[in-house]
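Structural overview for review
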Amino acid sequence: MRIRRILAAVVATAAFAGLGLTSAVTASAASLTPVECEQGGGTVNWANNTCSGGTFDGQMVD
């Protein structure tokens, strides 16, 4: 019985941690800062506020 409770607690903790990581990734993927674009190897295209090239190619920049 004790093992089942411990296992349930571990699974619940992992689920909550996964939910937090998913939210963080979604929030960061919504828009970039100019520094994030440049750190990813791209350049900011101010004409249409997107990152050109690199890891974040085509994503919106704040």
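Figured I'd write up the structure that's included with this text. (Residues numbered from 1 in each chain as written. Predicted model: local features only at pLDDT ≥ 70, side-chain atom pairs only at ≥ 80, totals over all residues. Heavy atoms only, no water.)

**What about the overall build of the protein chain?**
- Counting secondary structure elements, the protein chain contains two helices and two strands.
- Secondary structure of the protein chain in N-to-C order comes out as α-α-β-β.
- Considering the protein chain as a whole, with its 62 residues, one finds that 13% of them fall into the buried category.
- Residue pairs at least 24 apart in sequence account for 24% of intrachain contacts in the protein chain once pairs closer than 6 positions are excluded.
- Carbon and sulfur atoms provide 65% of the accessible area of the protein chain, an area that totals close to 4700 Å². (Helix = DSSP H or I, 4+ residues; strand = E, 2+ residues; numbered from the N terminus. Buried < 20%, exposed > 50% of the residue type's maximum accessible area, 1.4 Å probe, protein only. Contact = heavy atoms within 4.5 Å. Areas by Shrake-Rupley, 256 points an atom, 1.4 Å probe, with all protein chains shown as cover.)

**Side note on unusual backbone geometry**
- Phi at N49 is positive, roughly 55 degrees, even though this residue is not glycine.
- Its location among the elements puts N49 in the loop between strand 1 (43-45) and strand 2 (50-52).

**Observations concerning the state of the cysteines**
- Applying the stated rule across the entire model yields one disulfide.
- Covalent S-S linkage joins C37 and C51, the inter-sulfur distance amounting to 2.0 Å. Where C37 bonds to C51 through sulfur, the torsion about that S-S bond is close to 85 degrees, and the disulfide is right-handed. In this pair, C37 sits in helix 2 (residues 34-39) while C51 sits in strand 2, placing the two residues 14 residues apart along the sequence.
- A relative accessible area of 0% places C37 in the buried class. (Disulfide = S-S within 2.5 Å.)

**Thoughts on the environment of C51**
- Assessed through its relative accessible area of 1%, C51 is described here as buried.
- Placed eleven residues apart in sequence, C51 and G40 show a C-alpha to C-alpha distance of 9.4 Å.
- Setting aside anything within four residues of it in sequence, one finds C51 in contact with L32, C37, G42, T43, F56, D57, G58, Q59 and V61.

Honestly, it's all geometry; don't read function into it.
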